[in-house]
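In case you want the letters, here they are:
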Amino acid sequence: MFLQPALFSRSLCTIESHKLPNEVLTNVAEQRCRQILVKNSLPQKVSAGVLVTLCTSGGAPAFLYTLRSSKLKGRHKGDVSFPGGKCDVSDKDVIDTALREAQEELGVTLPRNTIWGPMKPITDWTGMVIVPVLANIGCLEDLSVNPNPEEVEMLLTLPLSLACTSSIHGYTCFRQRGRYAYTLPVFRLPGHKVWGLTAMMTDSALSLLFPGSYHSVLRGSRTH
């Protein structure tokens, strides 16, 4: 199956930064999100866990991404990603997987109470069932982050106030056999692009954080 990107647009499903709530990562917001996420049921078989990392950088709420090393094998080398990887037999659950992978990639041990909860699973084109796990890891400047150079080339942040704006957030329409197939979100960073599953996870997290103002292009993303 060949899917051809047909269009990238910067004008749909965005809100301007001045319309965002002033406080995003408050205790009230956390509890609201936790109450939603705890209702998600997970499949018996999970292939991988990903830590969708919220943080505060330079005093502003943001997403934290890794730029995967170009030395890695596979089709995702050099991609902008959240920390994550395949489940290990030693992991108690997918939250353990996400935290372990974050420790391996970021070089920092994160307590379990940073986790807000698992988001809805995503099945990729190979059949892998991937569970994004939303977490607030706190002030980035206070963490002794030491990225693993074998896996991570650099860290990137995207302020939430910018993630929702038309200058950063767009979408790509894909065609199959000459017809529209589906639409996926895209987020632009200086010199880099957040796309694919990472963009879907970012989009879903924004829908959860800004339920009254952020409108996703992904069908059903509001249910998380």
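All residue numbers here refer to positions counted from 1 along the written sequence of the relevant chain. In view of the model being predicted, local features appear only for residues whose pLDDT reaches at least 70, and side-chain atom pairs are presented and counted only at 80 or more, with totals across whole chains, interfaces and linings using the full set of residues. Side-chain metrics in this entry use all non-hydrogen atoms of the structure; hydrogen atoms and water are not considered.

> If you had to explain the side chain of T183 to someone new, which residues and values would you point to?
Mapped onto the elements of the fold, T183 is located in strand β11 (residues 179-189). Any residue under 20% of the maximum accessible area for its type is buried, any over 50% is exposed, and the rest in between are partly exposed; the area is computed with a 1.4 Å probe on protein chains only. Owing to a relative accessible area of 13%, T183 belongs among the buried residues under this scheme. The residues contacting T183, other than those within four sequence positions of it, are Y171, T172, C173, V217 and L218. Secondary structure elements follow DSSP: runs of H or I no shorter than four residues count as helices, runs of E no shorter than two count as strands, and numbering proceeds from the N terminus. Throughout, a contact is declared for two residues whenever any of their heavy atoms are within 4.5 Å.

> Lay out the packing of aromatic side chains with the relevant residues and their values.
For Phe, Tyr and Trp, where Trp contributes only its six-membered ring, two rings pair if their centres lie within 6.5 Å, and the inter-plane angle classes them as stacked under 30 degrees, edge-to-face over 60, or tilted in between. The tally for this structure, following the rule as stated, stands at 3 aromatic pairs. Relative to Y65, the ring of F63 has its centre 6.1 Å away and its plane inclined at 40°; by these criteria the two rings are tilted. Among the aromatic residues, those joined into a cluster by ring pairs are F63, Y65 and F82.

> Just give me the short version of the environment of L140, but keep the residues and values in it.
Structurally, the position occupied by L140 is in the loop between β8 (129-139) and β9 (152-159). With 83 residues separating them in the primary sequence, L140 and S57 have C-alpha atoms 5.5 Å apart.

> Tell me about the environment of D203, and please be specific about residues and values.
Mapped onto the fold, D203 is located in helix α4 (residues 196-209). Note on D203: relative accessible area 0%, which makes it buried. Sequence separation between D203 and A163 is 40 residues; the distance between their C-alpha atoms is 9.0 Å.

> Any chance you could break down the nonpolar core for me, citing the residues and the numbers?
To form a nonpolar core, buried Ala, Val, Leu, Ile, Met, Phe, Trp, Tyr and Cys residues must be joined to one another through side-chain atoms within 4.5 Å. F63, Y65, L134, L206 and L209 are the most contacted members of the largest nonpolar core, which has 39 residues in total. Looking at this core, the elements that each hand over two or more residues are α1 (27-37), β2 (48-57), β3 (60-68), β8, β9, α3 (160-163), β11 and α4. Residue contributions to this core peak at 7 residues, all from α4. Sequence-distant contacts of Y65, defined by excluding residues within four places in its chain, comprise V80, S81, F82, M154, L155, L156, L158, L189, V194, T198 and T202. A62, V133, A135 and L140 belong to the second-largest nonpolar core, a separate cluster that totals 18 residues.

> Tell me about α1, residues and numbers included.
Residues spaced three or four apart along an α-helix point in a common direction, a consequence of the helix completing one turn every 3.6 residues. A29, E30, C33 and L37 are the residues of α1 that are buried. Seen end-on, α1 carries its buried residues on one side only, within an arc spanning 100°. Across α1 from its buried face, at more than 90 degrees, point the exposed residues N27, V28 and Q35. Where α1 is buried, its residues meet β6 (115-118), β8 and α4. The directions from the helix axis to the C-beta atoms are what the arc is built from.

> Can you lay out the pattern of salt bridges for me, pointing to particular residues and giving the numbers?
A side chain of one charge can pair with a side chain of the opposite charge when the charged atoms of the two come close. Salt-bridge detection follows one rule: a side-chain nitrogen of Lys or Arg within 4 Å of a carboxyl oxygen of Asp or Glu. In total, this model carries 6 salt bridges according to the counting rule given. For E30, the salt bridge goes to R34, with nearest N and O atoms at 2.8 Å. Of this pair, E30 and R34 both sit in helix α1, 4 residues apart, which is roughly one turn of that helix. When its relative accessible area of 16% is taken as the criterion, E30 is described as buried. Because the salt bridges share partners, they merge into one network encompassing D91, R100, E101 and E104.

> So what's going on with the environment of G138? Residues and values would help.
Locating G138 in the fold gives a position in strand β8. A residue is classified by how much of its surface remains accessible, and G138, at 23% relative accessible area, is partly exposed. Separated by 113 residues in the primary sequence, G138 and L25 place their C-alpha atoms 9.3 Å from one another. Those residues in contact with G138, other than ones at most four positions away along the chain, are L54, C55 and T56.

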